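Architecture at a glance
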Amino acid sequence: MANDNKDVGRRDFLKYSTAAGLGGMTALAGCSGSDGNGDGSGSSGNTLPQYTYLNNPANYNPARHDAINLIGEQLNQLGFNTKVQVFEWGTLYTKITEEFNYSFATWSRGLGIDPGRRMPEQFHSSNTGKGQGNFTGYSNKDLDPTLMKQLQEKDEQKRIDMLHDIQKTINEDVPMHPIVQMPNIVAYNKNQVSGWTNHIAGYFHFEPMTNVEVNNSKKELRGSWAETLGTMNVLGYNNETKLIHQFEMMYDKLVRINSKLEPDPKLSLATDWERPDDTTVKYKIREGHKWHDGEDVTPEDVKFTLDYIKKNKIPLYSTQWELYKSVSVDGQWVTVTFKDPIGPVHKLFSNQIPIVPKHKWESRSNPAKASVKEPVGSGPLQFDYWDKGSELSLKKYDSHWRPVKFNRRIWRIIPESSTVWSLLKKGDLNYLPYTRIGKQLNDNQNNNSIGVESAPGDGWWHFSQNTRQKGLKDPAVRQAAVHAIPKKAINKQILYGFATQGWNLVGESFGKFSNPDVKKYQKNDGVAAGQKVLEDAGYSIKNGKVQAKSSK
């Protein structure tokens, strides 16, 4: 019996998320072995090939682990032969973004402060290579010009219209689709921590983090993460939350965007800026500011950073370095000349690139691969110590113009969620930097010592499909898969109603930038709706398996 979006109850959920009840799925907890038939070569007879859905271990993100298992079962109900496999994060990420050895993938993604910034990275046809952002391999030559033009458009309404067109096309073609829109959530020990302020990018962002106040004997903000950090290289890390949280506070950026989504000189390395024309921006660099090692932060450091990431084609900032063609210095002013007119320049460019010290980086010829053990930045938190595999500490940089209100921020590596929550209630930890939605949050949110802040966010759990694979090249097959995602059950049963069902990559939290008229999926019986899409497209379903078109 097919399970639609309405009737996946608690009993079904428990069955699907337990290995013994997985039926057609295979879950290999902690496995880093065989990929099965990830290239789609596992086709049997006339059926579509076997598809692999890569999952994270249960202890890394329990809710997402369970959701992937549930979706995998729904895909099997649809008539796909779906095999769920579990890998630790680094292996999983490599298989998807560099080896393209997967069929379906899910983790958290976010758009940051601007809904259009990541669109070319994720969907442009030229960005499908190894390690590049368009890991689904999606190609649409007709959409490519709009993906780039929206970055150049200064007129807000014209840019909104372009972004609406992009959302409509992506929702029809569905190389990537949101399962649920995720709020920003932070849980904390309210006996020790206060002062949280909302920001669409999250509570880790510069402005909220500099507003936080800590009341304990050492004025330490103490959080945790499930796994160790892999690097301290701000120019060569995977775009992962656990590292973004660190670098956001260790490095300054030319222009910071405040909680009202406005460029704010009080938060920024540049104290003033000008736009003489559509292709030029001038920044006046803050005077008297110093790097964490005591050297002066100079306009030459800014020029070096921009020239350096462009010369070395740093993948993390490829969207940005492709925008500009030259950088010059005149006294305290830095002038950036762009190739073409650029639209919301501070959201797309000025706020994106961390400024690094020339005297530390100029001798590194391969910065994306550099080993950085004691990073030097100029942000309000500076490197303290890193006991890899156990603990990272950043300490207050007293000389920053916007200092934090605590002395030290420590992250401990603690995989077990129950241990984390026990320590939080006792006050040994006092905040969860990226709070997982799940049973622990639901059960503990009303504890006398626990506070929970929640605000609309920029992110979602994505359901991404490898369009390189047989069958998944066809948008009708991809649409059918999206129909079958049991979003309501995932939010209700796994996320305890904290999230909302996803329907558009640019969610409602972006206001007028979100297109309300995009195609909606799985309103009622998602499996049946998906099967109808397949049949309308010329596929057939025999013995519960989708037959490829060629078999008719």
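Provided above is the structure to which this section pertains.
One structure accompanies this document, and this report is about it. If you're wondering where the values come from, they're calculated on a predicted model, not measured in any experiment. (Residues numbered from 1 in each chain as written. Predicted model: local features only at pLDDT ≥ 70, side-chain atom pairs only at ≥ 80, totals over all residues. Heavy atoms only, no water.)

What follows is about the sheet that holds strand E14 (residues 333–338). The sheet built from four strands is open, its strands ordered E11-E12-E14-E13 with antiparallel pairing. Lying at the two open borders of the sheet, with one neighbouring strand each, are strand E11 (270–277) and strand E13 (324–330). Sheet twist, expressed as the mean angle between neighbouring strand axes with direction ignored, is 20 degrees. Here strand E12 (residues 280–285) pairs with E14 via five bridges, running antiparallel. Of the residues in E14, the one forming a bridge with Lys282 is Thr335. Here helix H9 (residues 299–311) sits on the sheet and contacts E12, E13 and E14; the angle it forms with E13, its principal contact strand, is near 165 degrees. (Pairing = 2+ DSSP bridges. Helix = DSSP H or I, 4+ residues; strand = E, 2+ residues; numbered from the N terminus. Axes fitted to C-alpha atoms, helices over the stretch in contact; angles between N-to-C directions. Contact = heavy atoms within 4.5 Å.)

Another point: H9. For H9, which comprises 13 residues, the first-to-last C-alpha distance of 18 Å matches the rise-based estimate of 18 Å (1.5 Å per residue) to within 8%. When H9 is considered as a whole, its buried residues turn out to be Pro299, Asp301, Val302, Phe304, Thr305, Leu306, Tyr308 and Ile309. Trailing H9 by a residue or two, Lys313 shows a phi angle of about 50 degrees, which is positive. (Expected span 1.5 Å × (residues − 1). Buried < 20%, exposed > 50% of the residue type's maximum accessible area, 1.4 Å probe, protein only.)

Moving on to the environment of Lys284. Mapped onto the fold, Lys284 is located in strand E12. For Lys284, a relative accessible area of 30% puts it in the partly exposed group. Separated by 156 residues in the primary sequence, Lys284 and Gln440 place their C-alpha atoms 47 Å from one another. If sequence neighbours within four positions are ignored, Lys284 has contacts with Leu269, Ala270, Thr271, Asp272, Gln332 and Trp333.

Below, the discussion takes up unusual backbone geometry. Most peptide bonds take the trans form, and the phi angle of most residues other than glycine is negative. Here Phe100, not a glycine, exhibits a phi torsion of approximately 55 degrees, which is positive. The residue Phe100 is located in the loop between helix H3 (89–97) and strand E3 (104–105) in this model. The buried category is assigned to Phe100, whose relative accessible area is 18%. Phi at Asn543 is positive, roughly 50 degrees, even though this residue is not glycine. Along the chain, the position of Asn543 falls in the loop between strand E21 (540–542) and strand E22 (545–547).

A sheet is described by the order of its strands in space; here four strands give the open sequence E8-E17-E16-E15, paired in mixed fashion. The sheet is open, and its two borders are formed by strand E8 (220–225) and strand E15 (381–387), each paired with just one other strand. Across the sheet, the mean angle separating the axes of adjacent strands is 20 degrees when strand polarity is ignored. Along the sheet, helix H8 (residues 241–250) contacts E8, E15, strand E16 (391–396) and strand E17 (408–413); its crossing angle with E17, the most-contacted strand, is approximately 165 degrees.

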